[in-house]
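# A closer look at the structure
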Amino acid sequence: MKKKILTALLIIETVLLLVILTFGLLYFNTRKAETEVYRQSSEDGSQNVVIYEVGEPDWPFGIAHYKVYGPSNFSVDVSDDGGSGGFIVEWKETSVVITFRGSEQEDAVYELPFR
(Lines give C-alpha, C1' and ligand atoms only; values in the text may rest on other atoms or scores of the structure.)
Protein backbone atom coordinates (compact mmCIF):
# COMPACT_ATOMS: atom_id res chain seq x y z
CA MET A 1 0.00 0.00 0.00
CA LYS A 2 2.80 2.43 0.90
CA LYS A 3 4.59 1.61 -2.34
CA LYS A 4 1.49 2.55 -4.38
CA ILE A 5 1.13 5.86 -2.51
CA LEU A 6 4.81 6.71 -3.01
CA THR A 7 4.59 5.85 -6.71
CA ALA A 8 1.49 8.03 -7.11
CA LEU A 9 3.20 10.94 -5.30
CA LEU A 10 6.29 10.57 -7.49
CA ILE A 11 4.15 10.68 -10.64
CA ILE A 12 2.26 13.76 -9.40
CA GLU A 13 5.53 15.49 -8.49
CA THR A 14 7.02 14.73 -11.91
CA VAL A 15 3.97 16.05 -13.74
CA LEU A 16 3.96 19.25 -11.66
CA LEU A 17 7.66 19.83 -12.31
CA LEU A 18 7.15 19.38 -16.06
CA VAL A 19 4.25 21.84 -16.05
CA ILE A 20 6.26 24.41 -14.08
CA LEU A 21 9.27 23.97 -16.38
CA THR A 22 7.10 24.38 -19.49
CA PHE A 23 5.53 27.60 -18.21
CA GLY A 24 8.95 28.91 -17.15
CA LEU A 25 10.41 28.34 -20.62
CA LEU A 26 7.35 29.91 -22.24
CA TYR A 27 7.68 32.98 -20.00
CA PHE A 28 11.39 33.33 -20.80
CA ASN A 29 10.87 33.02 -24.55
CA THR A 30 8.03 35.55 -24.68
CA ARG A 31 9.37 38.07 -22.16
CA LYS A 32 13.12 37.87 -21.69
CA ALA A 33 14.86 36.22 -24.66
CA GLU A 34 16.93 38.64 -26.73
CA THR A 35 16.85 38.21 -30.51
CA GLU A 36 19.42 40.09 -32.57
CA VAL A 37 17.66 42.10 -35.27
CA TYR A 38 20.43 44.45 -36.41
CA ARG A 39 24.23 44.57 -36.35
CA GLN A 40 26.44 47.01 -38.22
CA SER A 41 29.80 48.72 -37.89
CA SER A 42 30.82 52.22 -38.90
CA GLU A 43 32.73 52.60 -42.16
CA ASP A 44 36.10 52.69 -40.39
CA GLY A 45 35.10 49.75 -38.15
CA SER A 46 35.73 51.64 -34.91
CA GLN A 47 32.09 51.70 -33.73
CA ASN A 48 29.38 49.03 -33.64
CA VAL A 49 25.63 49.12 -33.13
CA VAL A 50 23.70 46.01 -32.17
CA ILE A 51 19.92 46.06 -31.64
CA TYR A 52 18.09 43.22 -29.88
CA GLU A 53 14.35 42.67 -29.66
CA VAL A 54 13.55 41.59 -26.10
CA GLY A 55 10.86 38.91 -25.96
CA GLU A 56 7.84 39.40 -28.17
CA PRO A 57 5.54 42.44 -28.37
CA ASP A 58 3.13 42.52 -25.44
CA TRP A 59 -0.11 40.72 -26.17
CA PRO A 60 -2.57 41.91 -27.38
CA PHE A 61 -1.66 45.07 -29.24
CA GLY A 62 1.12 46.03 -26.83
CA ILE A 63 4.55 47.54 -27.10
CA ALA A 64 7.74 45.98 -28.46
CA HIS A 65 10.89 46.14 -26.35
CA TYR A 66 14.41 46.74 -27.70
CA LYS A 67 17.91 46.94 -26.26
CA VAL A 68 20.58 48.90 -28.08
CA TYR A 69 24.30 48.32 -27.57
CA GLY A 70 26.77 50.69 -29.16
CA PRO A 71 28.39 53.98 -28.27
CA SER A 72 25.71 54.13 -25.53
CA ASN A 73 23.60 51.28 -24.18
CA PHE A 74 19.89 51.81 -23.59
CA SER A 75 16.45 50.21 -23.80
CA VAL A 76 13.50 51.56 -25.75
CA ASP A 77 9.83 50.62 -26.13
CA VAL A 78 8.00 50.99 -29.45
CA SER A 79 4.20 51.28 -29.66
CA ASP A 80 3.07 49.71 -32.93
CA ASP A 81 -0.32 48.10 -32.27
CA GLY A 82 1.18 44.76 -31.29
CA GLY A 83 3.80 44.78 -34.05
CA SER A 84 7.54 45.12 -33.80
CA GLY A 85 7.69 48.66 -35.14
CA GLY A 86 10.71 49.64 -37.13
CA PHE A 87 13.99 51.46 -36.88
CA ILE A 88 16.41 53.33 -39.11
CA VAL A 89 20.15 53.59 -38.39
CA GLU A 90 22.07 56.47 -39.96
CA TRP A 91 25.83 56.79 -39.57
CA LYS A 92 27.38 60.27 -39.37
CA GLU A 93 31.02 61.33 -38.99
CA THR A 94 30.95 61.69 -35.19
CA SER A 95 27.75 59.91 -34.19
CA VAL A 96 25.10 57.40 -35.12
CA VAL A 97 21.40 58.32 -35.25
CA ILE A 98 18.83 55.61 -34.50
CA THR A 99 15.16 56.36 -35.16
CA PHE A 100 12.50 54.02 -33.77
CA ARG A 101 9.10 54.19 -35.44
CA GLY A 102 5.70 52.89 -34.39
CA SER A 103 2.19 53.50 -35.67
CA GLU A 104 1.00 54.66 -32.24
CA GLN A 105 3.83 57.03 -31.35
CA GLU A 106 5.97 59.84 -32.62
CA ASP A 107 9.38 58.85 -33.95
CA ALA A 108 11.88 58.38 -31.13
CA VAL A 109 15.26 59.71 -32.31
CA TYR A 110 18.49 58.89 -30.46
CA GLU A 111 21.79 60.47 -31.52
CA LEU A 112 24.69 58.61 -29.97
CA PRO A 113 28.05 60.41 -30.17
CA PHE A 114 31.10 58.20 -30.64
CA ARG A 115 33.39 57.68 -27.64
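Refer to the structure above for everything that follows.
What you see is a predicted model; the values in this text were computed from it and never measured. (Residues numbered from 1 in each chain as written. Predicted model: local features only at pLDDT ≥ 70, side-chain atom pairs only at ≥ 80, totals over all residues. Heavy atoms only, no water.)

## Some points on the overall build of the chain
Counting its regular elements, the chain contains one helix and seven strands. Reading the chain from its N end, one meets helices and strands in the order α-β-β-β-β-β-β-β. Its C-alpha radius of gyration of 22 Å places the chain more than 25% over the 13 Å reference for a compact globule of 115 residues. Expressed along its principal axes, the backbone C-alpha trace of the chain runs to roughly 80 × 35 × 15 Å. (Helix = DSSP H or I, 4+ residues; strand = E, 2+ residues; numbered from the N terminus. Rg over C-alpha atoms; globule rule 2.2 N^0.38 Å.)

## Topic: the sheet that holds strand S1 (residues 34–41)
If you walk across this open sheet you meet the four strands as S1-S2-S3-S4, and the pairing is antiparallel. One side of each edge strand has no neighbouring strand; the edge strands of this open sheet are S1 and strand S4 (74–79). Geometrically, the sheet is characterised by an average inter-axis angle of 25° between neighbouring strands, direction not taken into account. Here strand S3 (residues 63–69) runs beside S4; their pairing, made up of six bridges, is antiparallel. The partner of Ala64 across the bridge, within S4, is Val78. (Pairing = 2+ DSSP bridges. Axes fitted to C-alpha atoms, helices over the stretch in contact; angles between N-to-C directions.)

## A short note on the sheet that holds strand S6 (residues 95–101)
Strand order in the open sheet formed by three strands is S5-S6-S7, with antiparallel pairing between adjacent strands. The open sheet terminates on both sides in strands that have one partner only, identified here as strand S5 (86–91) and strand S7 (108–113). Neighbouring strand axes in the sheet, compared pairwise and without regard to direction, differ in orientation by 15° on average. When S6 meets S7, the two strands line up antiparallel, connected through six bridges. Note on S7: the bridge partner recorded for Ile98 is Tyr110.

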